[in-house]
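Architecture and fold: a report
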Amino acid sequence: MEHRLSRLQIDPMPIALRPALDQDFDYCRRVYFGEMEWIIEELHLDRSAQQIGFQQSWVPAQVRIITLDGADVGWLQTMMDGDDLFVGQIFVDRPFQRRGIGTEALKRLISEAAQVDRTVCLAVVKINPARRLYERLGFRVIHEDDRKFYMRRDPDMTMLLSN
């Protein structure tokens, strides 16, 4: 039994990342606002401005849908920022959270970036507990503003992925 438990702990989550299609917009918007609602309220952000901003920044060529057993369970959006890979968004739909899906998706992005010697960067709202996940994966705060921490993970830290 002990051997089986350790195997379960090291096997990667069986997720897939598929390219987004135009028709994925509504799904991504639903997941985004489902997860961001508390942040929008807490920070007293203009919901209408957030909706417009989401529509303007959602670019299907930058978005991948996270699937588990063929079902959509989340999404992420990445783009190049100079020589860095910037993670603009990553969301796991609420019923699928706390199962390691977001961790596995980020590990895959980190691995993809490391293969071409790219740094991975992201920004996280200061009140978002996801910051702890990013730190566990080797991201460090490089600067901050009133609302966000800007984080970076260098490609030479790939050994952290096995932890």
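Look above for the structure.
Because the structure is predicted, anything quoted here is derived from the model rather than measured. (Residues numbered from 1 in each chain as written. Predicted model: local features only at pLDDT ≥ 70, side-chain atom pairs only at ≥ 80, totals over all residues. Heavy atoms only, no water.)

Before going further, it helps to examine the pattern of salt bridges. Side-chain pairs of opposite charge can arise whenever the charged atoms involved come near each other. As enumerated under the stated definition, the model contains 13 salt bridges in all. For the salt bridge of Arg-47 with Glu-37, the shortest nitrogen-to-oxygen distance reads 2.6 Å. Note that Arg-47 is positioned in helix H3 (residues 47-57) and Glu-37 in helix H2 (residues 25-42), a separation of 10 residues in sequence. Exposure remark for Arg-47: the relative accessible area of 33% places this residue in the partly exposed category. For Glu-37, a relative accessible area of 25% translates into the label partly exposed. Note that Arg-140 is salt-bridged to Asp-154, the shortest N-O span being 3.4 Å. One end of the pair, Arg-140, is in strand E6 (residues 140-144); the other, Asp-154, is in the segment after strand E7 (148-153), with 14 residues separating them in the sequence. Classification of Asp-154 by relative accessible area gives buried; the value is 19%. (Salt bridge = Lys/Arg side-chain N within 4 Å of Asp/Glu carboxyl O. Helix = DSSP H or I, 4+ residues; strand = E, 2+ residues; numbered from the N terminus. Buried < 20%, exposed > 50% of the residue type's maximum accessible area, 1.4 Å probe, protein only.)

Turning our attention to the nonpolar core. Judged by nonpolar contacts, the single largest core of 24 residues is most densely connected at Tyr-134 and Phe-139. Listing elements by their share of this core, those giving two or more residues are strand E2 (63-68), strand E3 (71-81), strand E4 (84-92), helix H4 (101-115), strand E5 (120-125), helix H5 (130-136) and E7. At six residues, the largest contribution of residues to this core is made by H4. For Phe-139, the residues in contact, after removing those within four places along its chain, are Ile-110, Val-120, Cys-121, Leu-122, Tyr-134, Met-151, Arg-152 and Arg-153. (Core = buried A, V, L, I, M, F, W, Y, C linked by side-chain atoms within 4.5 Å. Contact = heavy atoms within 4.5 Å.)

Let's shift gears to the layout of surface pockets. Reported here for the largest pocket is a volume of approximately 1300 Å³. Lining the largest pocket are 43 residues, with Ile-90, Phe-91, Asn-128, Ala-130 and Tyr-134 sitting closest to its centre. Within the residue set of the lining of the largest pocket, elements represented by two or more residues are H2, H3, E3, E4, H4, E5 and H5. Broken down by element, the residue count for the lining of the largest pocket peaks at seven residues, all from E4. Of the residues belonging to the lining of the largest pocket, the class tally is 24 nonpolar, 11 polar and eight charged. (1 Å grid on protein atoms, 1.4 Å probe; cavity = no way out; pocket = protein on both sides within 12 Å on 5 of 7 lines; lining within 4 Å. Points joined across faces, edges and corners; volume = space filled by probe spheres on them. Nonpolar A, V, L, I, M, F, W, Y, C, P; charged D, E, K, R; others polar.)

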